[in-house]
Amino acid sequence: MADFFSGKIALVTGAASGIGKALGEELCRRGAHAIVTDVNIQGVKLCADEICKAGGSAEAMNLDVTDAGAVKRAVEETVTRHGRIDYLFNNAGIAVGADTRDTTLDDWKQVIDVDLWGVIHGIDAAYGIMIDQGFGHIVNTASMAGLMPFPFITSYTASKHAVVGLSLALRAEGRDLGVKFSVVCPGFVETGIFDASKSINIDRGKLIDEIPFAFSPNFTARRILRQVRRNRAVITPTPDGRPIWWIYRTFPWLFSRFFLNMIRDVRKMKIEQPEG
């Protein structure tokens, strides 16, 4: 019996590493054809080569999601080559770790350009095409930071909250047009975002050591696709996600205390800058 994703055409952004790479691999393992994209072209070429060597079907594409024109061309090229696009996974993301008082507007812009505008660019490129097709599913990667107010990554948290709201609003709009929307809110996953993220006046090594990297990208990708198949609105693929979200909504005072302790602990890791 063919897998649900067999023969589907899926474009994945941020696919050079982490969840994006795992999604590309898992989609192809299930018989889909994946267009794996990233600003890191060597990374996605390696990803596509590994998929093809394992018997899957994939192609690599260089893509900067902050470039609206490039995203539009990527989607249009996918449709030209394959006749349609079944899935768009808006997965690319970055973060800046810092006490917000130490960040600049450039830091904010860098994160929002990728984490929010990158998603908007993908939607702008694919939504109309999917409406014309009469089908399609856009899956936007947010985070548990899109459901809860995580400090010290405030630009990331703001962007991911926006992605959650955007996805749920479009889910309502797209329903009668044949286009599905889901938003993915993972908990702690071992992804390249932590290694690549900028940190300001904080000992990143110590901070990363405090994060419980409990789940692998491949484990997370399998659980994402299971929920995409069921057309879930909010997908919390890591086992810690939904219970923590429920506790936060039910006992907000408990998390206020937790976040206060977290803020105090992180500020102890602050790197003091020399005067002058």
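Below is a short write-up of the structure. Throughout this description, residue numbers start from 1 for each chain and increase along the sequence as written. Confidence filtering applies because this is a predicted model: local features only for residues at pLDDT of at least 70, side-chain atom pairs given and counted only at 80 or more, and all residues used for totals across whole chains, interfaces and linings. Only hydrogens and water are removed before side-chain values are computed, so all heavy atoms of the structure are retained for them.

With respect to the overall build of the protein
Right, so step 1: Strands here mean DSSP runs of E at least two residues long; helices mean DSSP runs of H or I at least four residues long; both are numbered from the N terminus. Within the protein one finds 11 helices and nine strands.
Right, so step 2: Each of the three principal axes of the protein carries a C-alpha extent, and together these read 60 × 40 × 30 Å.
Right, so step 3: Split into buried and exposed, the 276 residues of the protein put 47% on the buried side.
Right, so step 4: Long-range pairs, those at least 24 residues apart, make up 71% of the contacts in the protein between residues at least 6 apart in sequence.
Right, so step 5: Note on areas: these come from Shrake-Rupley sampling with a 1.4 Å probe, and a residue is covered only by the protein chains present in the view. Per element, the accessible surface of the protein, about 13,300 Å² overall, is 54% carbon and sulfur. Under the scheme applied here, a residue whose accessible area is under 20% of the maximum for its type counts as buried, over 50% as exposed, and between as partly exposed, the area being computed with a 1.4 Å probe on protein chains only. In what follows, residue pairs with any heavy atoms lying within 4.5 Å of each other are defined as contacts.

Focus: the pairing of strand β6 (residues 136-141)
Right, so step 1: Among the six residues in β6, six count as buried, and that is most of the element.
Right, so step 2: Burial of the side chains of β6 extends over both faces: G136, I138 and N140 are buried on one face and H137, V139 and T141 on the other.
Right, so step 3: One requirement defines pairing of two strands: DSSP has to find at least two bridges between them. By the bridge criterion, four bridges tie strand β4 (residues 87-90) to β6 in an arrangement that is parallel. By the bridge assignment for β6, N90 is matched with N140.

A short note on the side chain of D107
Right, so step 1: Examined against the element boundaries, D107 turns out to sit in helix α4 (residues 105-115).
Right, so step 2: Overall, the relative accessible area of 4% leaves D107 in the buried class.
Right, so step 3: Sequence-distant contacts of D107, that is, excluding residues within four places in its chain, are made with V96, K198 and I200.

Digging into the packing of helix α3 (residues 68-82) against helix α5 (residues 117-133)
Right, so step 1: Where α3 contacts α5, the axes come no closer than 8 Å and their chain directions differ by 35°. In terms of crossing hand, the pair formed by α3 and α5 is right-handed. Between α3, through A68, V71, K72, V75, E76 and V79, and α5, the contact on the second element is made entirely by H121, G122, D124, A125, A126 and I129.
Right, so step 2: Across the contact of α3 with α5, the residue classes break down as seven nonpolar, two polar and three charged. What counts as an axis is a line fitted to C-alpha atoms, over the stretch in contact for a helix, and the angles between N-to-C directions run from 0 to 180 degrees. Here a crossing is taken to be left-handed if its near helix is turned anticlockwise relative to the far helix by less than a right angle, and right-handed if that turn runs clockwise. Residues were grouped as follows: Ala, Val, Leu, Ile, Met, Phe, Trp, Tyr, Cys and Pro as nonpolar; Asp, Glu, Lys and Arg as charged; and all remaining residues, including Gly, as polar.

Brief notes about the environment of R171
Right, so step 1: Along the chain, the position of R171 falls in helix α6 (residues 154-174).
Right, so step 2: The class for R171 is partly exposed, based on a relative accessible area of 23%.
Right, so step 3: With 114 residues separating them in the primary sequence, R171 and S57 have C-alpha atoms 29 Å apart.
Right, so step 4: Residue contacts for R171: discarding those within four places in its chain leaves F181, S182, N231, R232 and A233.

What to know about the pairing of strand β1 (residues 9-12)
Right, so step 1: Residue alternation in β1 divides its side chains into two sets, I9 and L11 and A10 and V12, and both sets are buried.
Right, so step 2: In terms of strand pairing, β1 meets strand β2 (residues 33-38) through four bridges, oriented parallel. Within β2, the position partnered with A10 by the bridge is A34.
Right, so step 3: Following the backbone out of β1, through helix α1 (residues 18-29) and into the adjacent parallel β2, one traces a crossover that is right-handed.
Right, so step 4: Examined bridge by bridge, β1 and β4 share three bridges and lie parallel to one another. Across the sheet, L11 pairs through a bridge with L88, a residue of β4. Here the term right-handed applies to a crossover when the path leading from its first strand over the helix to its second strand runs clockwise, the strands being oriented away from the viewer.

Considering α1
Within an α-helix, residues lying three or four positions from one another point in the same direction, as the helix has 3.6 residues per turn.
Right, so step 1: Relative to the 16 Å expected for 12 residues at 1.5 Å per residue, α1 spans 17 Å between its end C-alpha atoms, a close match to the ideal helical length.
Right, so step 2: A large share of α1 lies buried, amounting to nine of its 12 residues.
Right, so step 3: Within α1, burial applies to G18, I19, G20, A22, L23, G24, E26, L27 and C28.
Right, so step 4: Residues of α1 that are buried sit in contact with β1, β2, α2 (41-53), β3 (57-62), β4 and α9 (217-229). A helix is expected to span 1.5 Å for every residue after the first.

Quick notes on the packing of aromatic side chains
Right, so step 1: Here is the rule: rings of Phe, Tyr and Trp (six-membered ring for Trp) pair when centre to centre is within 6.5 Å. Planes less than 30 degrees apart are stacked, more than 60 are edge-to-face, and the remainder are tilted. Applying the stated criterion to the full structure yields seven aromatic pairs.
Right, so step 2: Consider the rings of W246 and F251, whose centres lie 6.1 Å apart with planes at 85°: the pair is edge-to-face.
Right, so step 3: We classify F251 as partly exposed; its relative accessible area is 33%.
Right, so step 4: Aromatic side chains F251 and W253 sit 6.4 Å apart centroid to centroid with 80° between the ring planes, which places their arrangement in the edge-to-face category.

Comments concerning the nonpolar core
Right, so step 1: If you look at the biggest cluster of nonpolar residues, it comprises 46 residues, and the most contacted ones within it are I138, L147 and C185.
Right, so step 2: Of all elements in the fold, only β1, α3, β5 (96-98), α4, α5, α6, β7 (179-184) and α11 (252-268) reach the threshold of two or more residues within this core.
Right, so step 3: Among the elements that take part in this core, α5 stands out by supplying six residues, more than any other.
Right, so step 4: In contact with L147, other than residues within four places in its own chain, are H161, V164, C185, V234, T236, W245 and Y248.
Right, so step 5: Side-chain atoms within 4.5 Å link the members of a nonpolar core, which is a set of buried Ala, Val, Leu, Ile, Met, Phe, Trp, Tyr and Cys residues. The next biggest cluster of nonpolar side chains, apart from the first, holds 28 residues, and it includes L23, A48, I51 and V228.

Geometric descriptors of this kind do not, in isolation, establish any biological role.
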